[in-house]
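Results of the structural survey
Here's the letter readout for the chains.
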Amino acid sequence: MMSFSTEERGRANTHDYRIFFKNAEGRYISPFHDIPVYADEAQNIFHAVVEVPRWTNAKMEIATKDALNPLKQDVKKGKLRYVANVFPHKGYIWNYGAIPQTWEDPHHQDADTGCCGDNDPIDICDIGDKVCAAGEVIRVKVLGTLALIDEGETDWKVVVINTDDPDAQQFHDIDDVARLKPGYLEATLDWFKRYKVPDGKAENQFAFNGHFKGRDFAIETVKSTHQFWKELVAQKTDAGELNCMNTSVSESPFCCSAEDAAAVVDSTGAFGSAEPIPTSGPAQISPKPESDHLLLSLNGVGGRNPALRLGSPGYYQMYPPSSVSSSSSSSSSPPSSSSTASSSSSSSSQPTPLPKWPEDPNTSSGTDKETHVTNIYITWVAWFHQKGQFVNKT
């Protein structure tokens, strides 16, 4: 099994922050070009590079136009990009990243979508329970894909699961996601549809009427983008502004020495303390909520409701489906915050307290804690899709 490590340069939450990659020998490599697409070709197990950990907002990505393609934070109009929380979602709702040695060719018009590629490696959404770190390289099973049409370009979103996930053996196709993680696919479609709305853009569109395609289709899509990458790195197609510098593709005219790669890293600033995240940017989950219910800061939430757009502070209390009695007259809406504070002898229509909330869900680690946060998320998103409404402000 191949292993990789990372090296941070610059300061997080600044324009000069970079995450460079190393192979098992400690030599610098490109995550775009040097990490093999396959972790196990015979079993159709792929490598994936995590760019954005679940629940976070900083839009980190493989810098396709920079030498060695380190991870860096996307910049729009001169400002670091933080994806808004689109209610009820908190940041990215999966570990988001890309499959190396793939390329969505902007010169190729896809027969199914009718649009050309977006000029990036193919994206993945890892639905496993672990909250990964930015730059982590994982082995994944492909389960299906969603065909996002982003400003006229095909932008595949491949649904995968980390092979190290305890439940990975139960997932084989996209239908297993719907069966074992109810509400997750609906939340994924909703997230991609609306995540740019807070920036003043229209809702995104999808091919196949927003339906997820299955495993076999998705695998063939990944393999086709791998073929496009082969042509790119061999200089058989126009690379445009893409940087194809690599250290391992011997037949590529862009292959460089280990010394040249090290010189690229040495030219960047030394690693330093992170800058604080802008207070006017997207919100964080409250690390110490006032009750055992999930609290979500709406400071920076976007969505259709103008009152919930960027800059609307406050906390909203979430209630899972099991918290409201179906026989009660209050079953169509969550109980008020005043009823939450009533005595233990209150009626069955009151919310059932969730399990103990992690000390700090933004920086938590450990399988149990990560599973807990993920399961809470899926539970309340499914509830909102079922009820189609918001809840009381506390």
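A short note on the overall build of the protein
Across its full length, the protein holds 6 helices and 18 strands. Out of the 394 residues in the protein, the part that is buried amounts to 54%. Within the protein, residue pairs in contact and separated by at least 24 positions form 66% of the contacts whose partners lie at least 6 positions apart. When the accessible surface of the protein is split by element, carbon and sulfur atoms take 47% of a total near 17300 Å².

As for the confidence of the model for the protein
For the protein, the average pLDDT comes to 80, and 71% of its residues sit at 70 or higher. Confidence drops under pLDDT 50 across residues 281–364; counting only partners more than four residues distant or on other chains, this segment forms 193 contacts. For residues 387–394, every residue scores under 50 in pLDDT, and the model assigns this stretch 33 contacts once sequence neighbours within four places are set aside.

Notes on the side chain of N69
One can find N69 in the loop between strand 6 (60–62) and strand 7 (71–73). A polar side-chain atom of N69 sits 3.1 Å from the main-chain carbonyl oxygen of A63. The contacts of N69, once residues within four sequence positions are left out, are S30, P31, F32, H33, I62, A63, T64, N243 and M245.

With respect to the environment of T188
Mapped onto the fold, T188 is located in helix 2 (residues 184–194). The buried category is assigned to T188, whose relative accessible area is 4%. Separated by 99 residues in the primary sequence, T188 and H89 place their C-alpha atoms 9.7 Å from one another. The contacts of T188, once residues within four sequence positions are left out, are I93, W94 and F212.

What to know about the nonpolar core
One finds W94, I127, V177, W191, F192 and L232 to be the most contacted residues of the largest nonpolar core, which totals 49 residues. No other element matches the 5 residues that helix 2 contributes to this core. If near-sequence neighbours (up to four positions away) are discounted, V177 is found in contact with I127, L143, V159, F171, P182 and L185. By size, the runner-up hydrophobic cluster in this structure holds 22 residues, among which are Y38, F46, V50 and V158.

A short note on helix 4 (residues 258–266)
Owing to its 3.6 residues per turn, the α-helix brings residues three or four apart onto one side. Along helix 4, the residues classified as buried are A261, V264 and V265. Angularly, the buried residues of helix 4 cover 95° about the axis, an arc narrow enough to put them on a single face. For helix 4, the exposed residues lying more than 90 degrees away from the buried face are E259 and D266. Contacts made by the buried residues of helix 4 are with strand 1 (5–9), strand 2 (18–22) and strand 3 (28–29).

A word on helix 3 (residues 215–233)
Compared with the 27 Å implied by 1.5 Å per residue over 19 residues, the 27 Å span of helix 3 between its first and last C-alpha is a close match. All buried positions along helix 3 are accounted for by A218, I219, T221, V222, T225, H226, F228, W229, L232 and V233. On its buried side, helix 3 packs onto strand 5 (45–52), strand 13 (137–150) and strand 14 (153–162). Just downstream of helix 3, Q235 is the residue with a positive phi angle, here 60°.

Notes on the packing of aromatic side chains
If you walk through the whole model with that rule in mind, you get 14 aromatic pairs. Considering the side-chain rings of W94 and F192, the 4.9 Å spacing of their centres and the 15° angle between planes classify their relative orientation as stacked. Of this pair, W94 sits in the loop between strand 10 (85–86) and strand 11 (95–98) while F192 sits in helix 2, placing them 98 residues apart in sequence. This pair shows no difference in class: W94 is buried, exactly as F192 is. Pairwise contacts between aromatic rings join Y92, W94, Y96, W191, F192 and Y195 into one cluster. For the cation-ring pair, K213 lies above F217, with the distance from its terminal atom to the ring centre recorded as 5.2 Å.

What counts and what doesn't
Residues numbered from 1 in each chain as written. Predicted model: local features only at pLDDT ≥ 70, side-chain atom pairs only at ≥ 80, totals over all residues. Heavy atoms only, no water. Helix = DSSP H or I, 4+ residues; strand = E, 2+ residues; numbered from the N terminus. Buried < 20%, exposed > 50% of the residue type's maximum accessible area, 1.4 Å probe, protein only. Contact = heavy atoms within 4.5 Å. Areas by Shrake-Rupley, 256 points an atom, 1.4 Å probe, with all protein chains shown as cover. pLDDT = per-residue confidence, 0-100. Polar contact = N/O pair within 3.5 Å; in protein donor to acceptor, adjacent residues only side chain to side chain. Core = buried A, V, L, I, M, F, W, Y, C linked by side-chain atoms within 4.5 Å. Arc of directions from axis to C-beta. Expected span 1.5 Å × (residues − 1). Phe/Tyr/Trp six-rings, centres within 6.5 Å; stacked < 30°, edge-to-face > 60°. Lys NZ or Arg CZ within 6 Å of the ring centre and 35° of its normal.

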